Amino acid sequence: MAAVPGGKRSRSAELSAPGVSAAVSPLSGCSVPAMGTRVGVQLSDSPCSSRPLGAALGGSVTMDAIRMLNTLQTNASYLEQVKRERGDPQAQLEAMQGFLERSGLKVEDLDRLNIIHVTGTKGKGSACAFTECILRNYGLKTGFYSSPHLVQVRERIRINGQPISKDLFNKYFWLVYNRLEETKDPAHASMPAYFRFLTIMAFHVFLQEKVDLAVVEVGIGGTYDCTNIIRTPVVCGVSSLGIDHTSILGDTMEKIAWQKGGIFKPGVPAFTVAQPERPLEVLRERAQERKCPLYLCPELDDFEEGCQELELGLAGAHQRSNAALALQLARTWLQRRGCQGLGELKEVPPSTELLGGPVPLAPAFRLTDAMIQGLRDTEWLGRTQVLSHGPVTWYLDGAHTTSSIQACVRWFRQAALSQDKPHDGSEVRVLLFNATGDRDTAALLKLLVPCHFDYAVFCPNFTEVSVANNADQQNFNVTLENALTRCLENQRTWTRLLEEKVGQDPWLPSPLRVGGLLQPAPARGSLLLVPPAPRPLNSPALVFPCLAQALRWVAQGRDPQLAAPTASGAHPHPAASSGAVLLREAAAVRVLVTGSLHLVGGALRLLEPALSQ
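Please read these numbers as outputs of a predicted model, since none were measured by experiment.

How each quantity is defined
- Residue indices follow the written sequence of each chain, beginning from 1 at its first position.
- Predicted model: local features are reported for residues with pLDDT of at least 70 only, side-chain atom pairs are reported and counted for 80 or more only, and whole-chain, interface and lining totals are derived from all residues.
- As a rule here, side-chain values come from all non-hydrogen atoms in the structure, and water together with hydrogens is ignored.
- Every axis in this analysis is a line fitted to C-alpha atoms, fitted for helices over the stretch in contact. Angles between the N-to-C directions lie between 0 and 180 degrees.
- Strands here mean DSSP runs of E at least two residues long; helices mean DSSP runs of H or I at least four residues long; both are numbered from the N terminus.
- Oblique is the label for every angle not falling under 35 degrees (roughly parallel), over 145 degrees (roughly antiparallel), or within 65 to 115 degrees (roughly perpendicular).
- Left-handed is the label given to a crossing in which the near helix is rotated counterclockwise from the far helix by less than a right angle, and right-handed is the label when the rotation is clockwise.
- Whether two residues are in contact is decided by their heavy atoms: any pair within 4.5 Å suffices.
- In this count, Pro and Cys sit with the nonpolar residues alongside Ala, Val, Leu, Ile, Met, Phe, Trp and Tyr, while Asp, Glu, Lys and Arg are called charged and the others, Gly among them, polar.
- A 1.4 Å probe rolled over the protein chains alone gives each residue an accessible area, and that area as a share of the maximum for its type sets the label: buried under 20%, exposed over 50%, partly exposed in between.
- His is not counted here, nor are the chain ends, while Lys and Arg score as positive and Asp and Glu score as negative.
- Think of a salt bridge as a Lys or Arg side-chain nitrogen and an Asp or Glu carboxyl oxygen that are within 4 Å of each other.
- Pairs of N or O atoms are called polar contacts if they sit within 3.5 Å, as long as, within protein, a hydrogen donor faces a hydrogen acceptor (for residues adjacent in sequence, only side-chain-to-side-chain pairs).
- Strand pairing requires that DSSP identify at least two bridges connecting the strands.
- Given the number of residues in a helix, its expected span is that number minus one, multiplied by 1.5 Å.
- Think of a nonpolar core as a cluster: buried Ala, Val, Leu, Ile, Met, Phe, Trp, Tyr and Cys residues, connected wherever their side-chain atoms sit within 4.5 Å.
- Only Phe, Tyr and Trp rings take part, Trp by its six-membered ring, and two of them pair if their centres are within 6.5 Å. Stacked means planes under 30 degrees apart, edge-to-face means over 60, and tilted covers everything else.

Asks: Explain the packing of helix H5 (residues 166-182) against helix H6 (residues 194-208) residue by residue, including any values.
Replies: Close contact between H5 and H6 brings their axes to 10 Å; oriented N to C, the two are set at 120 degrees. Compared by their axis directions, H5 and H6 come out oblique. Considering how the two elements wind past one another, H5 and H6 form a crossing that is right-handed. Listed contacts from H6 to Phe169, Tyr172, Phe173, Leu175, Val176, Tyr177, Arg179 and Leu180 of H5 are Phe197, Ile200, Met201, His204, Val205 and Gln208. Tallied by class, the residues present in the contact of H5 with H6 amount to 11 nonpolar, two polar and one charged.

Asks: Describe the side chain of Arg158, with residues and values.
Replies: Residue placement: Arg158 occurs in strand S4 (residues 157-159). Buried charge without a partner: Arg158 forms no salt bridge, and the closest opposite charge is Glu155, 4.4 Å away. Among the polar contacts listed, one links the side chain of Arg158 to the backbone oxygen of Glu155, at a separation of 3.1 Å.

Asks: Pulling in residues and values, what's your account of the sheet that holds strand S16 (residues 588-594)?
Replies: Taking strand neighbours across the sheet as the criterion, the six strands line up as S10-S11-S16-S12-S13-S15 in an open arrangement whose pairing is mixed. The open sheet has two free edges, formed respectively by strand S10 (385-389) and strand S15 (541-543), since each of these has just one partner strand. For this sheet the average axis-to-axis angle between neighbouring strands, irrespective of direction, equals 20 degrees. As judged from the three bridges shared by strand S13 (residues 455-458) and S15, these two strands associate in the parallel manner.

Asks: Could you give me a rundown of H5, with the residues and numbers involved?
Replies: With 17 residues, H5 should reach 24 Å at 1.5 Å per residue; the first-to-last C-alpha distance of 24 Å fits that figure. All of the buried residues along H5 are Phe169, Asn170, Tyr172, Phe173, Trp174, Leu175, Val176, Tyr177 and Leu180.

Asks: Explain the nonpolar core residue by residue, including any values.
Replies: Ranked by internal contacts, the top residues of the largest apolar core, which has 71 residues, are Trp394, Leu448, Trp494 and Trp553. Tallying contributions element by element places helix H15 (residues 480-501) first for this core, with eight residues. Judged by nonpolar contacts, the second largest core, of 45 residues, contains Ala65, Tyr145, Val153 and Ile164.

Asks: Describe the pairing of strand S11 (residues 392-396), listing the residues and the values that go with them.
Replies: Counting buried residues along S11, five of its five residues qualify, which places the element largely inside the surrounding structure. Neither face of S11 is left uncovered, since the one carrying Val392, Trp394 and Leu396 and the one carrying Thr393 and Tyr395 both have all their residues buried. Here S10 runs beside S11; their pairing, made up of five bridges, is antiparallel. What sits directly across from Ser388, in S11, is Thr393. Where S10 folds back onto S11 in an antiparallel hairpin, the turn is made up of two residues, including Gly390, whose phi is positive at roughly 65 degrees. For S11 and S16, the ladder comprises five bridges, and the chain directions are parallel. Within S16, the position partnered with Val392 by the bridge is Val589.

Asks: Describe the environment of Val205, with residues and values.
Replies: Structurally, the position occupied by Val205 is in helix H6. For the pair Val205 and Phe169, spaced 36 residues apart in sequence, the C-alpha separation works out to 8.7 Å. Leaving out residues up to four positions away in the same chain, Val205 has contacts with Ile157, Ile159, Ile164 and Tyr172.

Asks: Which residues make up the packing of aromatic side chains, and what values do they have?
Replies: Taken as a whole, this structure holds 17 aromatic pairs when the rule is applied. Each ring, one from Tyr395 and one from Phe412, has its centre 5.1 Å from the other, and the planes form 85 degrees; the classification is edge-to-face. Pair noted here: Tyr395 is in strand S11 and Phe412 is in helix H13 (residues 402-417), with a separation of 17 residues, a long-range link. You can call Phe412 buried: its relative accessible area is 0%. Seen from their ring centres, Tyr455 and Trp553 are 5.6 Å apart, and the 75 degrees between their planes marks the pair as edge-to-face.

Asks: Outline the pairing of strand S6 (residues 213-217), supporting the account with residue identities and numerical values.
Replies: Among the five residues of S6, five are classified as buried, and the element is accordingly described as predominantly covered. Neither face of S6 is left uncovered, since the one carrying Leu213, Val215 and Glu217 and the one carrying Ala214 and Val216 both have all their residues buried. Here strand S2 (residues 115-119) pairs with S6 via four bridges, running parallel. Note on S6: the bridge partner recorded for Val118 is Glu217. As judged from the four bridges shared by strand S3 (residues 142-145) and S6, these two strands associate in the parallel manner. Bridged to Gly143 within S6 is Ala214.

Asks: So what's going on with the packing of helix H1 (residues 62-70) against H5? Which residues, and what values?
Replies: Packing of H1 against H5 leaves a shortest axis separation of 9 Å and a crossing angle of 45 degrees. Regarding the angle of H1 to H5, the classification is oblique. Considering only the axes of H1 and H5, their crossing is left-handed. Taken together, the residues of H5 that come into contact with H1 (itself represented by Thr62, Asp64, Ala65, Ile66, Met68 and Leu69) are Lys166, Phe169, Asn170, Phe173, Trp174 and Tyr177. The residue inventory of the contact of H1 with H5, partitioned by class, reads eight nonpolar, two polar and two charged.

Asks: An account of unusual backbone geometry is needed here, citing residue identities and associated values.
Replies: Residues apart from glycine generally show negative phi values, whereas peptide bonds are mostly found in trans. A cis geometry characterises the amide bond from Ser147 onward to Pro148, with omega recorded as -10 degrees. Within the secondary structure layout, Pro148 lies in the loop between S3 and S4. Phi angles above zero are rare outside glycine, and Thr384 is one such case at about 40 degrees. You can see Thr384 is positioned in the loop between helix H12 (369-377) and S10. We classify Thr384 as buried; its relative accessible area is 7%.

Asks: Can you break down the sheet that holds strand S9 (residues 294-296) residue by residue, with the values?
Replies: Taken together, the eight strands give an open sheet; going across it, the order is S5-S4-S3-S6-S2-S7-S8-S9, and neighbouring strands pair in mixed fashion. Edge positions in the open sheet fall to strand S5 (162-163) and S9, since each of these has one partner strand only. On top of the sheet, helix H10 (residues 319-336) reaches S2, S6, strand S7 (235-238) and strand S8 (270-272); it is set at about 175 degrees to S7, its chief contact.

If you want it as structure tokens, here you go:
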């Protein structure tokens, strides 16, 4: 199948449906259920009447499909299931194969998808996005499966860079769901978990919609991941390694590298970026075990020799290694599929061969117009993304590991410094943070202190706390009490970090001394949580029960997408009211939203309503 190098393509459209204008409606105050109530993230404004499964193939029941999908377990319970089953990875893969066959596919059918399989700790989604965009610029019909979604679950399954339509989502969801229901028997009574179901559904979509290739991002790890039923990908990739999901993958880089190397297949070329010495050695050993030719990607600088610096659609210096990986994955795919327009190989200087250590360095090559355009056109929501809304500028990055937070800080400081400073110097910097799972939030927050935030705001990932009509990102496993407790712990940690820093850094505000019990505001339909303090006016940290309230407080009615905080929902605490005055009067407000992709997704849903259409 020969592909013709594509000419210049327009940047990918936003996630909104064509021709749909986003109506901006003020958000009402959060109604907060009693402590201990299980709550979900309400990310859909579209009401949908309940309909029987027999009517499910109609295009108006997307919410029914999503609610049924959510009954198959949410992400937190899936992670718990993986922990329980990790002792027998072969049994997991056999179970996944069984679900696939019950849905009407065989593992051999996946060979027709010409898959690019990518794992890693950080940047694997970005590397996949670069790869998909490059190959789409060759005129190929691309499929792309990724996780998690930020605003709508349809984002996980893309064709030609766009989330599948609501009609397609309905069609394939009920096709797979009903087949699995029909094949239940005493020996096969269960349904696959949420992520497994979506993986199977993605395979059905890509096969029946006849994509030329599928870029498949691993969910967690590699060896135990349900995407690892793929037998013969065209090429594999491993992005930068780091510490994450330690309760599942192990608590050292070497253990994590072993897990990631589980996607290597005999005779299938694999590429990785620069890694620490020992994890790279583990990847090499895993490649040898599996008879997989493994190569190290050259730096992006090697592709720029003799030409101008490449323009990347994704900001941040850390994206350069993801782009370098994508170039190797795309070129190798084109080469192995017999396509034309590959880009002539460059001769690698002998000295650089030594840098690869035990893993040979892949040669750089001259980039084609389609490759250059693909790197430039790449878009990936919630990663080093900037939204300028009048005087308020939002910087969104889903970083959630120590190394990715470090990269986020470098990007934010550079991006914020590159903006024109207000003439009167009145700039307020705000951190909006949350973290989930088993992550070391103290370590993450410590890395954010040098950004010199005037306020730190903590809130759960709930956009609006509600006990009914939850849809795209609900999580039945998280209680409001647990989520707020985590936020209060983060608040105390931030205050302690500032106390340790005081005296060393004159630009940081005086810290709040935390003590006593949680003191909620009087119940007035809104809730702001602050611990008692002898110097409340100097408090740099506030806790809100949901994103809507947190964003409204930060924006103070100055962002056209957000309603102003209501008088009835205002909290009388001076720390909130004095901060509100500063935010209303500042010439520029710069807000970094980070710590969790789910937090960033919730923020995007509120800041960019068109994404929810």
